[in-house]
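# Structural overview for review
Spelled out, the chains give:
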Amino acid sequence: NAGVTQTPKFQVLKTGQSMTLQCAQDMNHNSMYWYRQDPGMGLRLIYYSASEGTTDKGEVPNGYNVSRLNKREFSLRLESAAPSQTSVYFCASGPLTGSFSEQYFGPGTRLTVT
Amino acid sequence: AQKVTQAQTEISVVEKEDVTLDCVYETRDTTYYLFWYKQPPSGELVFLIRRNSFDEQNEISGRYSWNFQKSTSSFNFTITASQVVDSAVYFCALIDGNNRLAFGKGNQVVVIP
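Thresholds, definitions, all that
- Residues numbered from 1 in each chain as written.
- Chains lettered and ligands numbered in written order.
- Predicted model: local features only at pLDDT ≥ 70, side-chain atom pairs only at ≥ 80, totals over all residues.
- Heavy atoms only, no water.
- Helix = DSSP H or I, 4+ residues; strand = E, 2+ residues; numbered from the N terminus.
- Buried < 20%, exposed > 50% of the residue type's maximum accessible area, 1.4 Å probe, protein only.
- Areas by Shrake-Rupley, 256 points an atom, 1.4 Å probe, with all protein chains shown as cover.
- Lys, Arg positive; Asp, Glu negative; His and termini not counted.
- Charge placed at Lys NZ, Arg CZ, Asp CG, Glu CD.
- Disulfide = S-S within 2.5 Å.
- Contact = heavy atoms within 4.5 Å.
- Buried area = accessible area lost by both parts, 1.4 Å probe.
- Salt bridge = Lys/Arg side-chain N within 4 Å of Asp/Glu carboxyl O.
- Polar contact = N/O pair within 3.5 Å; in protein donor to acceptor, adjacent residues only side chain to side chain.
- Nonpolar A, V, L, I, M, F, W, Y, C, P; charged D, E, K, R; others polar.

## Considerations on the overall build of chain B
The helix and strand tally for chain B stands at zero helices and twelve strands. Tracing chain B from N to C terminus, the helices and strands come up as β-β-β-β-β-β-β-β-β-β-β-β. Its C-alpha atoms give chain B principal-axis dimensions of roughly 45 × 25 × 20 Å. In chain B, which comprises 113 residues, the share counted as buried stands at 46%. With the model as given, the accessible surface of chain B reaches about 5500 Å², and the carbon-plus-sulfur share is 48%. Counting 10 positive and 13 negative side-chain charges, chain B places the averaged centre of each group 5 Å from the other.

Here it is in structure tokens:
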């Protein structure tokens with residue numbers, strides 16, 4: 001039982017390049033989330049998916065797109081990376097929306113945009 | 001909008017001292033849940049506790065304890081007899097009906113041997 005997995009663990013991009021961060025969970029959770037963590041800022045929600053087939057914006061969605069590929073997988077895409085997107089990205093999953101349950105986090109992806 | 005404030009950014013203590021982390025929240029919801037997560041130097045986020053708005057009883061788990069007071073919108077966390085392994089960043093968070101977490105900025109705890 002791997003929980004929440006993320007790939008890659010580290011990535012360096014040049015400004016303007018694109019990439020997709022992958023996330024998968026094996027806990028049969030309905031909800032999945034993408035957060036970014038910047039120094040001194042805590043974690044901020046980028047996008048979330050309450051269930052398969054739905055996605056919604058969070059607090060800081062600009063510059064990102066997401067795809068809920070199936071119940072297990074939720075990807076985050078940077079179409080044209082900018083230095084302001086240098087951050088640590090965490091994927092999380094949780095049970096049903098409205099359950100107020102804890103979320104389970106992946107190990108994170110450290111992204112640097114030069 | 002939901003908001004969580006953790007005022008102290010970095011707290012240093014000598015091993016075996018107690019340390020208390022303050023968390024103040026804002027919400028218009030009558031039903032809400034609060035969380036504490038730990039982020040050790042390795043970077044992963046570890047769930048510590050979940051508390052709902054209807055339960056104001058204090059909770060103790062080993063050396064950890066939590067004091068929830070609705071009257072002051074606070075959910076404070078105390079580590080008793082701190083150890084070096086407690087060195088980490090601790091986040092307080094508030095969840096809404098869509099299960100979206102709003103995090104505070106975190107408290108960096110440094111336990112000096």
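## So, the state of the cysteines
By definition, a disulfide links the sulfur atoms of two cysteine residues through a covalent bond. Residue and element names in this part refer to chain A. For the structure shown, the criterion picks out two disulfides over all chains. Disulfide partner of Cys23: Cys91, at an S-S distance of 1.8 Å. Since a negative S-S torsion denotes a left-handed disulfide, the Cys23-Cys91 link at about -70° is left-handed. In this pair, Cys23 is assigned in strand β3 (residues 19-25) and Cys91 in strand β9 (residues 87-94), connecting sequence segments 68 residues apart. Taken individually, Cys23 and Cys91 each receive the classification buried, so the pair is uniform in this respect.

## Quick word on the environment of Pro113 of chain B
All names here are of chain B. Along the polypeptide, Pro113 turns up in the segment after β12 (107-112). In this structure Pro113 comes out as exposed when scored by relative accessible area, which is 75%. Once the C-alpha coordinates of Pro113 and Glu15 are considered, the two residues, 98 residues apart in sequence, prove to be 5.2 Å apart. Residues in contact with Pro113, not counting those within four places in the same chain, are Glu15 and Val84.

## Some details on the interface of chain B and chain A
Chain B puts 20 residues into the contact, and the matching count from chain A is 20 residues. In this assembly, chain B packs against chain A so that about 1800 Å² is buried in total across both faces, 58% of it on carbon and sulfur atoms. Viewed at the interface, chain A and chain B are joined by zero salt bridges. One can count five residue pairs in polar contact (both at pLDDT 80 or more) joining chain B with chain A. Those elements that place two or more of their residues in the side of chain B that touches chain A are β5 (33-39), β6 (46-52), β10 (88-95) and β11 (101-103) of chain B. Here the side of chain B that touches chain A gets four residues from one element, more than from any other, and that element is β5 of chain B. By residue class, the composition of the side of chain B that touches chain A is nine nonpolar, seven polar and four charged.

## Section: the side chain of Gln25 of chain A
All names here are of chain A. Looking at where Gln25 falls in the secondary structure, it is placed in strand β3. Of the polar contacts made by the side chain of Gln25, one reaches the backbone oxygen of Lys71; its length is 3.0 Å. For Gln25, the contacting residues outside a window of four places in its chain are Gly3, Val4, Met32, Arg68, Lys71, Arg72 and Ser93.

## Let's talk about unusual backbone geometry
Residue and element names in this part refer to chain A. The omega angle of the peptide bond from Thr7 to Pro8 is -5°, so this bond is cis rather than trans. Counting through the fold element by element, Pro8 comes out in the loop between β1 (4-7) and β2 (10-13). Positive phi values are uncommon outside glycine, yet Asn28 reaches one of about 60°. Assignment of secondary structure puts Asn28 in the loop between β3 and β4 (31-38).

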